[in-house]
Amino acid sequence: MTKFKVNNAVSIAHTDNRDLLAAARAKGVISVSNITAAPMVTTPNINVPLGALNYIRPKAIEVLTAPRVSDTIARPEKNGRWGDKAVTIKLKEYLGTVSPDDGLTADGLEQKTNYSYVMRGVYYYMDSWLATDLEDATSAAMNENYRADQATGTLRTLAIARNDFFFTGVQTASGMSPIYGILNEPNLAAYETVASNGAETPSTYWINKTPEQIANDVVTAISQLYTQSNGIVEDELENGTIILAVAVGSIGQLDRTNMYGKSARAILKETYGNRLKIVAVPQFNNADSNSDVFYVIFQMNDGPATILNSYIELARAYPIFQKDSVVSQKISAATSGAVVQYPWAVVRYNGIGQTTAR
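Residues numbered from 1 in each chain as written. Predicted model: local features only at pLDDT ≥ 70, side-chain atom pairs only at ≥ 80, totals over all residues. Heavy atoms only, no water.

## Examining the sheet that holds strand β13 (residues 346-350)
Working step 1: Strand order in this open sheet of 5 strands is β6-β13-β9-β7-β8, and the pairing throughout is mixed. Each edge of the open sheet carries a strand with a single partner, namely β6 (192-193) and β8 (276-281).
Working step 2: Bridge analysis of strand β9 (residues 294-300) against β13 gives 4 bridges, and the strand direction is antiparallel. In the strand pairing of β13, V296 is matched with V347. (Pairing = 2+ DSSP bridges. Helix = DSSP H or I, 4+ residues; strand = E, 2+ residues; numbered from the N terminus.)

## A look at unusual backbone geometry
Working step 1: Phi angles above zero are rare outside glycine, and N143 is one such case at about 60°.
Working step 2: As for its position among the elements, N143 is in the loop between α4 (133-141) and α5 (146-168).
Working step 3: One non-glycine residue, N290, lies in the positive phi region at around 55°.

## Some words on the packing of aromatic side chains
Working step 1: In the structure shown here, the tally under the stated rule is 12 aromatic pairs.
Working step 2: When the ring of F294 is compared with that of Y349, the centres are 5.4 Å apart and the planes differ by 10°; the resulting orientation is stacked. Placement of the pair is F294 in strand β9 and Y349 in strand β13, with a sequence separation of 55 residues. You'll find F294 and Y349 in the same group, each marked buried.
Working step 3: Connected via pairs of aromatic rings, a cluster forms that spans F166, F167, Y191, F284 and Y295.
Working step 4: Lying across the ring of Y318, K330 places its NZ or CZ 4.6 Å from the centre.
Working step 5: Over the ring of Y191 we find R348, and its NZ or CZ is 4.3 Å from the ring centre. (Phe/Tyr/Trp six-rings, centres within 6.5 Å; stacked < 30°, edge-to-face > 60°. Buried < 20%, exposed > 50% of the residue type's maximum accessible area, 1.4 Å probe, protein only. Lys NZ or Arg CZ within 6 Å of the ring centre and 35° of its normal.)

## Overview of the nonpolar core
Working step 1: Residues I12, I30, L53, I56 and L155 are the most contacted members of the largest nonpolar core, which totals 33 residues.
Working step 2: The dominant element in this core, judged by the number of residues it contributes, is α5, at 6 residues.
Working step 3: Residue contacts for I56: discarding those within four places in its chain leaves S11, I12, I30, I61, A151, L155, A317 and I331.
Working step 4: If you look at the next biggest cluster of nonpolar residues, it comprises 29 residues, including L225, L237, L254 and Y272. (Core = buried A, V, L, I, M, F, W, Y, C linked by side-chain atoms within 4.5 Å. Contact = heavy atoms within 4.5 Å.)

## Notes on the pairing of strand β10 (residues 307-317)
Working step 1: Among the 11 residues that make up β10, 11 are buried, leaving the element largely enclosed by the rest of the structure.
Working step 2: Where β10 meets strand β12 (residues 326-340), 8 bridges bridge the pair, whose relative direction is antiparallel. Each bridged residue has a counterpart across the sheet, and for R316 the counterpart in β12 is S332.

Remember that the coordinates give geometry; whether it matters functionally is a separate question.
Following this line, the structure appears as structure tokens:
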């Protein structure tokens with residue numbers, strides 16, 4: 001999100017934060033369920049009830065929109081409107097071949113663009129915060145605003161959940177449109193297993209491989225991208241990014257060095273330069289066949305997203321309720337998970353290790 005001059009001492013509904021609130025609403029980052037929105041306020045008094053946004057500070061929006069692991073793989077994108085039960089996403093495929101130009105006619109083979117559609121369900125989820133007058137008094141003695149901190153924590157919880165849904169999807173009721181994550185996206189090809197290390201006791205685990213062998217596993221995966229994309233990835237490599245997303249439990253093996261001080265990461269850096277981005281993914285630990293996995297994803301820098309990180313709204317604030325000495329608020333969000341638009345630009349491999357919980 002664009003940087004704005006903000007005042008963190010007051011609500012995002014304060015006039016000091018008008019530009020931030022307008023941008024956040026336009027992108028579906030924050031909205032209000034009230035039929036009539038509370039007016040913009042001009043005083044910094046945080047004790048007067050001012051509506052659903054009263055305790056949401058600009059720093060809470062930063063927490064909500066701070067890049068999660070999923071966002072480093074696929075940029076978040078708003079699809080649909082609040083209340084939708086499903087979203088329909090249009091996919092484009094550009095087709096065409098050239099023909100000889102005899103300088104006379106224009107009836108050669110023509111460019112064609114194919115459109116297809118995928119439907120994904122929408123999952124609505126929520127968290128809430130609560131504060132009592134005793135908690136308010138205790139935090140005030142430490143120069144803290146407990147209600148604002150509770151609201152920030154709630155937005156953080158929603159952001160973490162959205163990140164998880166990108167990887168795992170959400171189980172939907174029978175008859176409802178599915179919500180997939182990249183771990184169970186049906187349009188992706190099955191996992192392949194990396195090569196063995198060729199030792200007397202064979203192993204595919206990276207911990208038992210040399211840095212050269214580990215780097216070769218990645219090179220093999222990228223070569224598979226070249227093949228299944230019919231050369232598109234190789235042709236467009238200068239205009240795109242290769243994302244290597246690796247299980248957290250195995251990613252450290254990329255930095256193990258050989259007797260010459262060379263690591264797999266260094267070898268890959270020499271080969272692909274800044275065109276390769278490496279991302280550590282906790283959700284890839286033991287993700288297939290009880291083994292750690294890695295994905296290789298090609299993303300055009302200026303083209304449509306290979307994978308949509310799809311959401312309806314990141315947060316929708318409901319009215320603040322007070323009963324006796326207790327103040328509470330519900331905040332909801334909605335996602336449609338991950339949508340792989342170009343399966344040919346993704347490969348995935350298992351067998352690189354096994355992460356043991358500690």
